[in-house]
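Spelled out, the chains give:
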Amino acid sequence: MMKQTYLIFYFVLYSLFICSFTVVKADTYPEVLFANSNLPYSYANSKVTYAGSSWIMNVRKNLPVSDSVFFTPKNSLVLKYVSAEGGEWNADIFYQDNYLPENNSVLIFKLYVHSPTEVTELPAIQLIHADSSKTDQVQLANYIDSYQENMWVSVEIPLNQIGQFQTDKGIAAISFVQSGSDGKNHLLYIDQIEVLPRRTPQNRLTGAAVLQHVKAFERHVDITWRLPLTPSLRYIKIYRSEDNKDFQPVAIRPVFSSRYSDVVPETGKEYYYKIAWVDYQYRESPFSEVEKVQTKTMTDAELLDMVHHANIKYFADGAEFNSGMQLLRPGTKSAIVSPALTGVAIMASISGVEQKIFTREQLTARVIKIVRYLRGAEARYGAFPALMDGRTGEGVYSAEEGFVVDLNSTSLLIQGLLTAKQYLNADNQVEAELREKINEIWNAVQWNKFTTERDSYLYTNWSEKTEFSNALPLLGRDALTTYLLALASPNNNIELDSYNDAMNRFYNVDTALVDDIEELSLPSADTTSAKAPDLTVLRPMVQLVDTTESLSSADNVHYGLPLAVMGVEESLSRILSSFLVFDPRGKRDKYANYYHELQNHVLIQYRKSLEENQLPISLGEGLMVNAKGWVSPSSTVATYPVNAEFAMKNLIDVYREYSELFWDEYGFRTINLVRNQESMKWQGVRYGISAIMIENGKSNLLWNLFSKDEDVDRIVRALFTADPEKDNSQ
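Residues numbered from 1 in each chain as written. Predicted model: local features only at pLDDT ≥ 70, side-chain atom pairs only at ≥ 80, totals over all residues. Heavy atoms only, no water.

**Student:** So what exactly am I meant to see when it comes to the pattern of salt bridges here?
**Tutor:** When the charged atoms of two side chains with opposite charge come close together, those side chains can pair. Counted according to the given criterion, the structure contains 23 salt bridges. One salt bridge in this structure joins D97 and R329, with 2.5 Å as the shortest N-O distance. With D97 in strand 7 (residues 88-99) and R329 in the loop between helix 2 (300-317) and strand 21 (336-337), the pair connects residues that are 232 residues apart, well separated along the chain. Exposure remark for D97: the relative accessible area of 11% places this residue in the buried category. With relative accessibility at 13%, the residue R329 sits in the buried group. Salt-bridge contacts for D131 lead to K169; the nearest nitrogen and oxygen are separated by 2.9 Å. Highlighted residues: D131 in the loop between strand 9 (124-129) and strand 10 (138-139) and K169 in the loop between strand 11 (152-158) and strand 12 (171-177), separated in sequence by 38 residues. Overall, the relative accessible area of 44% leaves D131 in the partly exposed class. Note on K169: relative accessible area 23%, which makes it partly exposed. (Salt bridge = Lys/Arg side-chain N within 4 Å of Asp/Glu carboxyl O. Helix = DSSP H or I, 4+ residues; strand = E, 2+ residues; numbered from the N terminus. Buried < 20%, exposed > 50% of the residue type's maximum accessible area, 1.4 Å probe, protein only.)

In structure tokens, the structure reads:
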């Protein structure tokens, strides 16, 4: 527990010095602006400014959060301010995606005044449109019927009573602004900010809530439930007790969620749980029955299985109903799906069958649904875009760009389908027809349409309107598996020269596919957004580096270890994404032994983290921090088949010492420790890479399945020779 104490100290210390603002996803309904902050101390989806003699408390220009005073667990926003003559302050709280409300909607939030404050001394509010224009300010005093201090009151403001508000522009943020100049210290708490239709379901929830399963691990307890079909149900509220008498609320989850992981204070202790349904008026149903569990110390193997199974469950909960494809953002009303995540989901689900999380029949049913969807979905030359509508099969793209092919996404999707084809190999009509249809999708990709006469690289971001003008070459070892597929294509293969040219170079680039822990600005995937998605943000900035002249140079020694063909700055997730199905053991070409290259890359990243760590304290050997403060435990655990000892050290250290920060119901979250910010974009890819690579470390399953494809095996044998040096593989 000492490291947790240090980590808390670190957050407080760093909050005094570092200033930044980045919008992150809130795990809630699209109409809810704030329900809870996933991280303590501050809310990254906010921005505070002040001037003159006025002041508002902030942490790195973000609003603080309170875990002791809240309307819904487990925290609320803190507004502590001084409104002075000649000064000004404001606090903006942002939607993840611009929200387009229904006509006659109402802005609702909960307010707790914890200081001597007259109602006229409360702040005003205004809305910020998606185009950055602002509405008139309205005084909170005019919308509180029964004002009292030290209790939660509801503030309800009809949007049509806010001057200059335009529904068709959508809402980007709500802004609390200074009103008055009394010069006093004020302390308010704000919770559950949402924009709802004027009429919401009114029926009370009279039936008792139902707990489905409660399971204890070492530092957390998993709780699942089964929901009734009623429009009045909006949230699930979880209560915990240590004596079966004093129950405290520990979390509230949206109705789209089916599980919650409660990180508990002690191992080897009994805990009691019950839940309640919550309606739109925040009235609770009768409680469920109480379930008792006891946490226990777990073995290394049990901890590994725990992470593995949690990662896999992400893909079960994220299946889009109509298509079977993987949702870009599970737990929302959006039906936008990701081909890249779908490929990862198929591979993780195959592992799920082996781990007895799914049945073979469940896997088969989902892959059938995916294949049926893809055969009717929008594609160009058989290749797919980065995002698609799970209901219609249409690509999601901007009108200016038109349809944009994403070869990275297409590659991961095909990898998943080919492994499923090998896994679902039963001699029956259902699986035989499924294999046939997978072959049709695989054969339809015309990889050779994405090369040019000028050079032979594969290009991604080919557009139907601009063709290769804005396309980008795929270069380097993190594109290795995509080239293997393009070479192995039975009908539309590229030439071997394309691979040789591309593999002679590597690149430093932020892509939207597997960028590990960088801030990504992905296109909006919310169909309610007031603005169309801008796919131009998917374009990476490419810096080509020719490696043919420097492979034996001393410049290729980093932190005491040689690295022949992989970029030292490339993230673990990006590198590992090319080895989800391609087994690097024993593979060597004229440049490198790829298994040894991966081993060195892992250790180089570790040494680099230790040496360049800019945090004010040491966070333990297992916690790798990049130069910008990002920590991605899932990515490090994914090194398990390359360096099992290192991966397990990371897993155990992070889970036992920092589980309150990093653990959620699907595994380890990615967090920026400098900014107190969670990375939500493409977290699913990281969960998937972790699940797949843990399975490969245990059984080589995905590696073996991919190698069984005759076309792939032919190309691998042509490109790589067996290394005479024995790999230290499992």
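**Student:** When you look at the sheet that holds strand 30 (residues 630-631) in this model, what are you seeing that I'm missing?
**Tutor:** Remark on secondary structure: sheet strands pair via backbone hydrogen bonds, oriented parallel or antiparallel. With antiparallel pairing, three strands are arranged side by side in an open sheet as 30-33-34. Two strands close off the open sheet at either side, each with one partner strand: strand 30 and strand 34 (677-679). Looking at chain direction, strand 33 (residues 670-672) and strand 34 are connected through three bridges and run antiparallel. Bridge pairing in strand 34 places N672 opposite Q677. (Pairing = 2+ DSSP bridges.)

**Student:** Looking at this structure, I do not really get the sheet that holds strand 19 (residues 270-279). What am I missing?
**Tutor:** The four strands are arranged 17-16-19-20 in an open sheet whose pairing can be described as antiparallel. This sheet does not close on itself; its edge strands, each paired only once, are strand 17 (248-254) and strand 20 (291-294). In this sheet, adjacent strand axes meet at a mean angle of 30 degrees when their direction is disregarded. As judged from the four bridges shared by strand 19 and strand 20, these two strands associate in the antiparallel manner. Residue pairing in the sheet places Y273 in a bridge with E291 of strand 20. (Axes fitted to C-alpha atoms, helices over the stretch in contact; angles between N-to-C directions.)

**Student:** Could you clarify how one ought to interpret the confidence of the model for the protein in this entry?
**Tutor:** A low pLDDT score tells you not to read the predicted coordinates there in detail. The predicted model of the protein averages 86 in pLDDT, with 86% of residues at 70 or higher. Note on residues 1-28: pLDDT is under 50 here. Beyond four places in sequence and across chains, it has 74 contacts. Within the model, the stretch residues 506-554 combines pLDDT values under 50 with 133 contacts to residues more than four positions away or in other chains. (pLDDT = per-residue confidence, 0-100. Contact = heavy atoms within 4.5 Å.)

**Student:** Help me understand the packing of aromatic side chains, please; the structure alone is not making it clear to me.
**Tutor:** How two aromatic rings sit relative to each other is set out by the distance from centre to centre and by the angle between their planes. Under the counting rule described, the total for this entry stands at 26 aromatic pairs. Relative to F176, the ring of F109 has its centre 5.5 Å away and its plane inclined at 75 degrees; by these criteria the two rings are edge-to-face. Within this pair, whereas F109 is found in strand 8 (residues 105-113), its partner F176 is found in strand 12, the two being separated by 67 residues in sequence. Note on F176: relative accessible area 0%, which makes it buried. (Phe/Tyr/Trp six-rings, centres within 6.5 Å; stacked < 30°, edge-to-face > 60°.)

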